Amino acid sequence: MIKKIPLVSIIDDDHFFQYSTKRILEQSEKVKDILQFYDGEEAIDYLIENKNESHRLPNLIFLDLNMPFMDGWQFLDAFTTHKFSLELITIYICTSSTSLMDKEKFNKYPKLNGYLIKPISKHEFSKTLERELIKH
Amino acid sequence: MKKLEQSYEEKRLKALQDYAILDTLAEEEYNRFTELAALICDTPISLVSLIDENRQWFKSKVGLNINETPRDLAFCRYAILGSETLEIEDATKDKRFKDNLLVIGEPNIRFYAGHPLIDPQGYALGTLCVIDRKAKILTKNQKRGLELLAKEVIALIVERRKIEELKNFEKLFQLSNDLICVAGMDGLFKKVNPSFQKVLGWTEDELLQTPFFDLCHPNDLLDVKMEIHKLISGKVGSSFSQRVRTKSGTYRSVQWVVTLEAETSNIYAIARDITEETTKEQKLKISEEKLRAFFENSQGLMCTHDLDGKFLSVNNAGAEILGYTLDEILTMSLFDITPPEKHAYLKDYLNKIAENGSASGQIQTRHKDGSLKVWYFNNVLENTFQNEQYIIGNAIDITIKHLLEKDLERTKALLEQTNKVAKVGGWEFDVDKQKVFWTAVTKEIHGVTPDFEPNLSIGVSFYKEGESRDRITEVLNIAFTKGTPWDEQLEIIDVQGKELWVRAIGNVEFIDGKCHRLFGTFQDINDYKIAELGLKASIEKQGELNTALVNQIDLVKSKDQTIEKIQEFKFLADSIPNIIWTANSLGEQDYYNSYWVDFTGMTLAESQAKGLESVLHPEDLDRYIDNWKKSLNTANTFNGEYRFKRLADGMYKWFLCKAFPMMNKKEEAIKWFCSCTDIDEYKRALDLEHKINQYEDFNRIVAHNLRGPASNIPMILSMVEESSDVKEKEELLQMLKQSSVKLNDTLNELMKVLEIRNNWNLPFDECDLQAITDDVLSMLNAQVIVKKVNITTNFRQKTVSFPKLYLESIFYNMISNSIKYGNPEVISQISITSKTVNDKVVLKFEDNGLGIDLKRHRENIFKLNKIFHRGFDSKGVGLFMTKTQIETFGGKISIESEPNVGTTFTIEL
C-alpha cells in the first residue's frame, strides 16, 4: 500500500496558485486530503480551533508570503506564538519574491523546511512530498 | 390656701391677745349679755366664748360651770369661720358633732346657735352662743336678737381695750422725762406734760397761753418756722433741734420729733433736753480745732505714737517730709521709717521716754525713696482720758546741717589723699564698717544728689554691664585679697542713663595682710575717651577705604580676566569648525568666527556691510528673515536649516542654524549667540536614504505584485498544453485572463507611482484647503448621504503649498477610507483640521471608524496590496498611493489608530 500524507494545506491568496497546486497534489497520489486557505488569518484560526485534534491538523503547509491581510511572515509569527511545532507541521514557503531580503528573513526561521520560488514545477512538488513521506 | 388660712389664724390670735381679755375676771357687763341671750333664745345655757389657740375660754357663761373646754370640742370654732349665725338643730344628727364628748356626755348638747364676734379689723375672736339639751330651732326674731347682742359684745370688747390703752398713754405722758405736747397749727400748746415745767420752769397754764414761737431762741426762730411749715405742707414727720427759753431767761437745747395729725390738725411733738451734751461737744470741738490747726500747720514733724512706736497721728507736713501719705504712715511705726541699724537706738528711746516722761536728741529716718533724714526731736509722754499712755512727738529736720558737718569732716580727711593720688573726685571704702564715701565730684559724675549715700554694690552697679562691670569686680577682688592698686578706664551709666567713660584709680590700705580701706579717685574722661574712640574709628574707616581700594583693584584685575575670557572665547569660537556669530539686542551681528570668514570669504566688516543676504540661498532668504524677526520679537530660540554659499566653489551648503538669546533680569534678550552646523552631508544622506526606501518599495512591488501574476502565466500555459479536458482548458484560460488583468493593474499602479515620482518638480500650487475639501466631498456626495457621515473642518491654516492634483487625491483617499471603514455601530464622524507647526502645515484626518490593529499591521500600512479589514472590496492601493504622493513632494504621513475607536492620519506638508 502506497503511503500518503494525510493532510496538506495550501495558504495563498492567488486563485491560480491554489488551483494548480491542488491539481498537482491530487495527481501525485501522495496526498490524502487538501485544506485550502486564501489568507494567513483563516489558516491560523483553523489551526487554533483544532489544536487538540491532531488528526485535523495538516502535516504539510505550502505558505505564500505576500497576502493582503495576514501575510506569510505574520502567519509564522502567530504559528510560533501559539506554540505549534514546526517538527510536527512541516511548512514550505512558496513565493514569487526573488528578493534577497525575503530570503534573509526566511533564514531566521531555521526550522522551516524549504523556500520554494514560484513558479513551482510538478517535479519540485513531487520531491517535496517524497521528502515529507520519508519523514513519516 | 391652707397657708393663707393659717396666716389669718395667726393674725386672729394676735388680735385676740391684743384685746387682753383672756383669763380676766368675770364682769357684770358681759354677764348681762349672756343672760339676755339665754332669755331671748329660751335656752338654759349661753356663753361668750373666745377661741384661743388650743381652747375655748368663756368670758361669760349662764347655765354652765366650766371656764373652758379644749378647742376641738368647741362648736364655736365652726361658728367663727363665717360671718352669720351658725345654728345646729340636733347635734346628734350632725356628722361634725354627733361623737362630741359634750354631746354624748354632760352637758348633752343637742341644740347650738352661735354668732361670731368680729372686731373692726375683721377678726372673729369668738362667739356669743346659746345651747340647749333638747333639739330645737330659733325663730327669726330670736336669731336677730342673738345677732344684735353679739355686736354689742364685740363693741364692749373693743371699747374696753381702747380705755386700757388710753390709761397707758396717760401714764407715759405724765411720767416721761421728755417734753410731750399737743399743739395747734396756730403755734399754741393744747396740752403739755409735766416735764415742761421740770425742764423749762414754765407752769402748764403759762405755756398754754404762750405761743410756742415766743419761746424760741431768736437765732433759731426762722429754722423752726421752716420746719413747721414743711410739716404743714405735707412732710410726714420732722426732727430738729433748737434752743428754748426757760422761765429764768436761759436757754435749753432740745431735740424735737414732730408729727401732724391731718384730721385734727393737731401737732404732736416730743422733745428731749440735749443742753448738756451740746455744751460738752462744743467745748471739745473748739479745743480740738485749735489743736488741729496747730498740728496741721506745723512745718516740722509732729506726731503721736504709742509706747511701741506705732503712729497714732502724724501732721501733713511730717508725712510729706517722710515721703508717705497720711493713710500710709498711720499703718506704720517708727521702726518702719528708721534704718535697721538704728533700731536698737529707737528701742532705747522708747524705754527712756516711758520711764522719764520725756526725751530729746537726734534720730535718722529713711525717706520712702531711700534718702536719709536727720531729725532733732523733743517728745513727751501723755495720758488719755482712759488713762492710756501715748507720746507726743515734735521734731525738726536737721539733715542738711548734719550732712554739711559730716561732709566737712570727710572732705578734710580726704583732701590730703585726693591731692596725693590724683585730681578729680574722691572716694573711700571703709572695709571694717562697710561704708562707702563719695566726694561731691564723684557724686556729680554719677549724677546722684549730694545726699546720696553709696555702698559698694551700688557703686559697682553703676559700671556698664559687661566688660566694665566685670573689670571693676575683678580689680576689687584682687585689691581685697592681694592689696593691688588699680588704674582703669571704664564705662559707667549715670543715674540719668547717660553712658560715660571714667578713669577709676584705687589704692589699698593693707594692714597685717588684711584690707582695711580702699580709697582713690574717680575722673570723668568721657570727652577724652570719645575723642580717642573717634580717632580709632577714623583709623578703622581708613582701613575700610583701603580694603575697598584693594577690592577695586581686584575688580579691575577681574575685568582684565574678562577681557582674557573674551579672547579665549574668540579663540574657542575660531577653533570650532562651525559658523559662530553673535548679535546685539537689535539682532545686528557683531562677531563672526574665522570659519565664517573662511567659508564666505567675508570679514566682519564686509558681512556687516553686505548682510547675510549676500550668502544665503535665494530660496531660503524670506524664510530666514521671517524667522529671525520672529525670534527677535519674542526672544525665542532661532532655529532652522538654511543654505549658505561657499566662497571656494560657489556651492550652497546646508547649515542647521541655532541662535540662543542671553537674557537680562527683565527677561529681555541682550545678546544672541548663534552656531551654524554644516549638515550638508547629512541632508544628502537623508536624500539618499529616501531614494533607497523608494527603491525598496519598488523592488517589493516587482517581487510580489508583478512577479506573482507574471509567474502564473507560463504555468497556466503549460497546464493548458498538458490538459486534454476542454472544460479544464477553458477554466485555465479564464485564469490566464485573470492573471493578465491583475498583471496589467499592477503595472498601471506602478506607472502611476513612476509618474508621481517623475513629477517631483511639478510646480506647487497655493491650495485652499476648504475648497479642496468641498470638491472631494461633492465627488463622494452619494456615499456621504447614504452612510450619513458627519464631516467637520477646522482649518487654522487656510492654505498649503502643494501640487493641487495630488492634494485632491490625498484628500479623496483619506475621506473615502474614513467613510468606507466607518463603524456601523456609531454615526461616522470625520474631522479635518490644519495648523502650522514649525513652519510645516500639519493636516489631520480623524475618524471614529473601525480603526486598524497597528500591533499587527503597522509595518504594512502604507504598502501596496495590503488590507487591514477583511470582507471589504479593498485592493490595498489607496494608502500606498497617498504615501507616495506625500513623500514625493517632501511631506510625511503617519497614523495613529485603535480598533473600534478610530483612526487619525497626520500629514505634514
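## Some remarks on the overall build of chain A
A count of helices and strands for chain A gives 5 helices and 5 strands. Counted from the first residue to the last, chain A has its helices and strands arranged as β-α-β-α-β-α-β-α-β-α. The burial tally for chain A puts 39% of its 136 residues in the buried class.

## Let's talk about the sheet that holds strand β16 (residues 389–397) of chain B
All names here are of chain B. With respect to topology, 5 strands assemble into an open sheet ordered β13-β12-β16-β15-β14, the strand pairing being antiparallel. Edge positions in the sheet fall to β13 (311–314) and β14 (358–366), since each of these pairs with one other strand and no more. Taken pair by pair, the neighbouring strands of this sheet meet at an average axis angle of 30 degrees, ignoring direction. The strands touched by helix α12 (residues 343–356) within the sheet are β14, β15 (372–383) and β16, with β14 carrying the most contacts at an inclination of about 160 degrees.

## A closer look at the interface of chain A and chain B
One frequent convention defines the size of an interface as the accessible area lost when the parts assemble. Listed by partner, the interface residues are 16 residues for chain A and 21 residues for chain B. The leading source of residues in the side of chain A that touches chain B is helix α1 (residues 15–28) of chain A, at 5 residues. A per-class count over the side of chain A that touches chain B returns 6 nonpolar, 8 polar and 2 charged.

## Remarks on the pairing of strand β31 (residues 840–847) of chain B
Residues and elements named next belong to chain B. Side chains V841, L843, F845 and D847 of β31 all project onto a buried face; the interleaved residues K840, V842, K844 and E846 project onto a face where none is buried. Direction of pairing for strand β30 (residues 829–837) relative to β31: antiparallel, over a ladder of 8 bridges. By the bridge assignment, S831 is partnered in β31 with E846. The turn linking β30 back onto β31 is made up of 2 residues, and N838 within it adopts a positive phi angle of 50 degrees. Pairing analysis gives 6 bridges linking β31 to strand β33 (residues 902–908), with the strands arranged antiparallel. Note that in β33 the partner of F845 across the bridge is F905.

## A closer look at helix α22 (residues 726–758) of chain B
Between the first and last C-alpha of α22(B) there are 47 Å, a value that for 33 residues agrees with the 48 Å anticipated at 1.5 Å per step. Buried within α22(B) we find L732(B), M735(B), S739(B), T746(B), E749(B), V753(B) and I756(B).

## Things to note about unusual backbone geometry
In this chain, K118(A) is followed by P119(A) through a cis amide linkage whose omega measures -10 degrees. That bond from E106(B) to P107(B) is cis: its omega, 0 degrees, falls within 30 degrees of zero. Of note, P107(B) is situated in the loop between α4 (101–104) and β5 (111–118). The phi dihedral of D42(B) is positive, around 55 degrees, even though this residue is not glycine. Tracing the backbone through its elements, the reader meets D42(B) in the loop between α2 (28–41) and β1 (45–51). You can call D42(B) exposed: it has 12 C-beta atoms within 10 Å. The backbone of Q434(B) shows a phi angle near 55 degrees, a positive value even though the residue is not glycine. Classification of Q434(B) by C-beta neighbours within 10 Å gives exposed; the count is 9.

## Notes on the pairing of strand β11 (residues 266–273) of chain B
All names here are of chain B. Bridge analysis of strand β7 (residues 179–183) against β11 gives 5 bridges, and the strand direction is antiparallel. From the neighbouring strand, V182 faces β11, where its bridge partner is Y268. Where strand β10 (residues 251–261) meets β11, 8 bridges bridge the pair, whose relative direction is antiparallel. Within β11, the residue paired with L260 across the bridge is I267. Linking β10 to β11, which pair antiparallel, is a turn of 4 residues; within it S265 sits at a positive phi near 55 degrees.

## Things to note about the nonpolar core
Of all hydrophobic cores here, the largest spans 44 residues; its most connected members are A37(B), Y112(B), L128(B), C129(B), V130(B), L146(B) and V153(B). Those elements that place two or more of their residues in this core are α2, β1, β2 (55–62), α3 (76–79), β5, β6 (124–132) and α5 (140–175) of chain B. Apart from residues no more than four positions distant in its own chain, L146(B) is found in contact with A37(B), I40(B), C41(B), T85(B), A113(B), H115(B), L128(B) and V130(B). Counting residues in each nonpolar core, the second largest holds 33 residues, with L25(A), A43(A), I61(A) and F868(B) among its members.

## Observations concerning the environment of V254(B)
Residue and element names in this part refer to chain B. Within the secondary structure layout, V254 lies in strand β10. A sequence separation of 13 residues divides V254 from S241, and the C-alpha atoms of the two residues are 5.4 Å apart. Sequence-distant contacts of V254, that is, excluding residues within four places in its chain, are made with L179, S241, Q242, V244, A271, R272, D273 and I274.

## Quick word on the packing of helix α25 (residues 804–820) of chain B against helix α27 (residues 878–888) of chain B
Geometry of a packed helix pair, given as the angle between the helix axes and the separation of the axes. Residues and elements named next belong to chain B. It is at 10 Å that the axes of α25 and α27 come closest, and there the two elements cross at 150 degrees. In this structure, α25 meets α27 at a crossing whose hand is left-handed. In this structure, α25 contributes Y806, S809, I810, N813 and N817 to the contact, and α27 contributes G878, M881, T882, Q885 and I886. Class assignment for the residues of the contact of α25 with α27 results in 4 nonpolar, 6 polar and no charged.

## Side note on the confidence of the model for chain B
A low pLDDT means the predicted coordinates there should not be read in detail. Residue and element names in this part refer to chain B. Per-residue confidence for chain B gives a mean pLDDT of 84, with 96% of residues at or over 70. Considering only residues more than four positions removed or in separate chains, one finds that residues 419–423, a stretch of pLDDT under 50, has 9 contacts. The ipTM assigned to the predicted complex is 0.77, against a pTM of 0.38.

Calculation rules
- Residues numbered from 1 in each chain as written.
- Chains lettered and ligands numbered in written order.
- Predicted model: local features only at pLDDT ≥ 70, side-chain atom pairs only at ≥ 80, totals over all residues.
- Helix = DSSP H or I, 4+ residues; strand = E, 2+ residues; numbered from the N terminus.
- Buried ≥ 20, exposed ≤ 12 C-beta atoms within 10 Å, placed from the backbone.
- Pairing = 2+ DSSP bridges.
- Axes fitted to C-alpha atoms, helices over the stretch in contact; angles between N-to-C directions.
- Contact = placed C-beta atoms within 7 Å.
- Nonpolar A, V, L, I, M, F, W, Y, C, P; charged D, E, K, R; others polar.
- Expected span 1.5 Å × (residues − 1).
- Core = buried A, V, L, I, M, F, W, Y, C linked by C-beta atoms within 7 Å.
- Left-handed = near helix turned anticlockwise from the far one by under 90°.
- pLDDT = per-residue confidence, 0-100.

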